[in-house]
Amino acid sequence: MPPGIDLLAATSFANGQPHEQFRWLRAHDPVHWHPEPDGPGFWAVTRYADVKLVGRDPATYSSSPTIMIADATAGPPDGDHDMMIMVDPPVHTQHRKLLNARFTPRAARALRHRIEELATRIVDAVAERGECDLVTDVAGEMPSFVIADLLGLPLDDGRRLYALTETLHAAPGTRTPEAVISAMQEMFEYGRGVANAKRRSPGEDLSTLLVRSEIRGRPLDDTDFNLFFILLVDAGGDTTRNLVGGGMLALFEHHDQRARLLGDLDGLLPGAIEEMLRWVSPVVFMRRTATVDTSLGGQNIRAGDKVVMYYGSANRDESVFSEADRFDVTRRPNDHVAFGGGGPHFCLGAHLARVEIDAILREVLVRLPDIEPTGPPEWLASNFVSGPSHLPVRFTPHRARAGEADGEAPRARR
Ligand code: HEM
């Protein structure tokens, strides 16, 4: 019997991704026509090979007008302003060139030391309490601080911006339209203020780089700047937080894997992070729109149809991953698609995200070795990003590192 298929309802994601639905779809209807209460419907693509194919073929499957399932009712793109994630090559390539140098593996490595400092500060803030919410007090702090640093903003503002993305990513019906519009406006206003401030007093940060850049042969105006600004804040925040929260939850639920990882943290952590990415798949989907009539998985797709790639399903595709439903910190190979399937929009922040995740997991696992949940997780009410929204934990309290004598502090660093 097929399970009830509903990939839009927040309830389907109330306990994580709807893996039972995905499993059935991969086996029986891998390119599934999914109805949409307020729209024309969309194709739900659930097999790994098809997800890769769609993501790598922007000529057939366009990122314009949007990568969300619902068509935007208003706002950019207006033909003269585009958000990078919602535009195809060659314009996309011009946008991406502006940012690329700041997101290379080398650039991410150069930030490692600062990111490790932030990880220490985050764990310091909870260490003496002996309990906290692992998602809001620890996992969420890291990406909001890092994005603030990157953009040249006060760390506290990173927190506020990241709270706004929460509202923007919430499932339809879980926030009032007014709340969503007001979050968008606040983000825009804030971004405009940053652009002006950086024009007046430039720094070494990404915001300054952007206000000094050109696109389409002219300097970026406030709208261009804001579209980059919002994308960066939006893309790097709850994704990374969800991975850390969901990854720790996976370790809590798989004691053998946790013990194995702790037995050789330096050797196994990089691979364990890849497995967490596969397992959690923090970005549930990206949408494309067919530009021509085509076929996929035996279905006829018509020009204009919405085609939605489900990364969490592709990452459990049993034809690619052996024992796909097993969490295995030593899994090799592990060619997951949590950052996308390798097309032009492949996650710009993938290297940076890995450094953030490594630093915070290392700090938590080494400094809070007996950390354990004190209750069940609460999950995000979103069909777009997946992860726990709250995860209460306890651990043996200890003094913050800043208060410890040299050499006394547990070593989390490599
Ligand atoms: C665990 C953390 C993260 C996950 C799972 C993730 C996942 C993704 C996915 C699935 C895409 C779309 C790929 C595609 O369409 O082919 C994407 C795009 C993007 N990500 Fe990430 N991301 C993460 C962290 C970050 C971070 C830390 C940043 C930057 C601060 C970032 C910036 C971006 C940007 C700018 C794009 C759009 C790229 C483009 O349109 O060319 N992401 N990410």
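Scroll up for the structure.
Residues numbered from 1 in each chain as written. Predicted model: local features only at pLDDT ≥ 70, side-chain atom pairs only at ≥ 80, totals over all residues. Heavy atoms only, no water.

Visitor: How do you make sense of the sheet that holds strand β14 (residues 392–394) when you look at a structure like this?
Guide: Two pairing modes exist for strands in a sheet, parallel and antiparallel, and in both the strands are linked by backbone hydrogen bonds. The strand order β4-β14-β11 describes an open sheet built from three strands, whose pairing is antiparallel. Strand pairing shows two members of the sheet lacking a second neighbour, β4 (131–133) and β11 (372–373), which therefore form its edges. Summarising the sheet, β4 and β14 pair through three bridges and their orientation is antiparallel. Each residue of the ladder has a partner; that of Cys-132, found in β14, is Val-393. (Pairing = 2+ DSSP bridges. Helix = DSSP H or I, 4+ residues; strand = E, 2+ residues; numbered from the N terminus.)

Visitor: Help me understand the layout of surface pockets, please; the structure alone is not making it clear to me.
Guide: A probe matching the size of a water molecule, rolled over the atoms, marks out where space remains unfilled. Of the pockets and cavities examined, the second largest pocket occupies roughly 260 Å³. Lining of the second largest pocket is provided by 14 residues; of these, Asn-15, Gly-16, Leu-249, Trp-279 and Trp-379 occupy positions nearest its centre. Looking at the lining of the second largest pocket, the elements with two or more residues in it are α12 (238–253) and α14 (265–280). Here the lining of the second largest pocket is composed, by residue class, of six nonpolar, six polar and two charged. (1 Å grid on protein atoms, 1.4 Å probe; cavity = no way out; pocket = protein on both sides within 12 Å on 5 of 7 lines; lining within 4 Å. Points joined across faces, edges and corners; volume = space filled by probe spheres on them. Nonpolar A, V, L, I, M, F, W, Y, C, P; charged D, E, K, R; others polar.)

Visitor: For this particular structure, what's the right way to read the side chain of Ser-62?
Guide: The residue Ser-62 is located in strand β3 (residues 61–62) in this model. A polar contact of 3.0 Å, which involves the side chain of Ser-62, links it to the backbone nitrogen of Ser-64. (Polar contact = N/O pair within 3.5 Å; in protein donor to acceptor, adjacent residues only side chain to side chain.)

Visitor: I tried to follow the packing of aromatic side chains on my own but got confused; where do I start?
Guide: Working definition: an aromatic ring pair is given by the centre-to-centre distance plus the angle between the planes. On inspection of all chains with the given rule, the structure shows nine aromatic pairs. The interplanar angle of 70° and the centroid separation of 4.9 Å between the aromatic rings of Trp-33 and Trp-43 together place this pair among those described as edge-to-face. Within this pair, whereas Trp-33 is found in strand β1 (residues 31–34), its partner Trp-43 is found in strand β2 (residues 42–45), the two being separated by ten residues in sequence. Both rings, one in Phe-339 and one in Phe-346, keep their centres 6.2 Å apart while their planes meet at 65°; by these two values the pair is edge-to-face. On the basis of relative accessible area, Phe-339 is assigned to the buried category, the value being 12%. Take Phe-346: its relative accessible area is 31%, and that puts it in the partly exposed class. One aromatic cluster is present, built from ring pairs that chain together Phe-22, Phe-285, Tyr-310 and Phe-384. Positioned over the ring face of Phe-321 is Arg-278, at 5.2 Å from the centre of the ring. Stacked on the ring of Trp-279, the Lys or Arg Arg-316 has its end atom at 3.9 Å from the ring centre. (Phe/Tyr/Trp six-rings, centres within 6.5 Å; stacked < 30°, edge-to-face > 60°. Buried < 20%, exposed > 50% of the residue type's maximum accessible area, 1.4 Å probe, protein only. Lys NZ or Arg CZ within 6 Å of the ring centre and 35° of its normal.)

Visitor: So what exactly am I meant to see when it comes to the site of the ligand here?
Guide: Of all residues adjacent to the ligand, which total 30 residues, the nearest are His-92, Arg-96, Arg-288, His-345 and Cys-347. Here an oxygen atom of the ligand sits 2.8 Å away from a polar atom, N or O, in the side chain of Arg-288. Side-chain polar atom of His-345 to an oxygen atom of the ligand: 2.6 Å apart, as the coordinates give it. Contributing elements (two or more residues each) for the shell around the ligand: α3 (91–100), α11 (222–236), α12, β7 (285–290) and α16 (350–367). Looking at the shell around the ligand residue by residue, the classes come out as 20 nonpolar, seven polar and three charged. (Near = heavy atom within 4 Å.)

Visitor: For this particular structure, what's the right way to read the sheet that holds β3?
Guide: Taken together, the five strands give an open sheet; going across it, the order is β1-β2-β10-β7-β3, and neighbouring strands pair in mixed fashion. One side of each edge strand has no neighbouring strand; the edge strands of this open sheet are β1 and β3. Bridge count for β3 against β7 is two bridges, and the pairing is antiparallel. Of the residues in β7, the one forming a bridge with Tyr-61 is Ala-290. Seen against the sheet, helix α2 (residues 48–55) touches β1, β2, β3, β7 and β10 (306–310) and runs at an angle of roughly 125° to β10. (Contact = heavy atoms within 4.5 Å. Axes fitted to C-alpha atoms, helices over the stretch in contact; angles between N-to-C directions.)

Visitor: Would you mind showing me how to read the pattern of salt bridges here?
Guide: Any two side chains of opposite charge can pair, on the condition that their charged atoms come close. A full pass over the atoms with the stated rule returns 33 salt bridges. The closest approach of N and O atoms between Glu-36 and Lys-306, which form a salt bridge, is 2.9 Å. Here Lys-306 lies in strand β10 and Glu-36 lies in the loop between β1 and β2, a separation of 270 residues in the sequence. The exposure classification of Glu-36 matches that of Lys-306, with both residues buried. One salt bridge connects Arg-192 with Glu-189, and the closest N-O pair in it is separated by 3.2 Å. Here Arg-192 and its partner Glu-189 are both found in helix α9 (residues 177–200), three residues apart, which amounts to about one turn of the helix. A residue is classified by how much of its surface remains accessible, and Arg-192, at 31% relative accessible area, is partly exposed. (Salt bridge = Lys/Arg side-chain N within 4 Å of Asp/Glu carboxyl O.)

Purely spatial values, then, with no claim about function.
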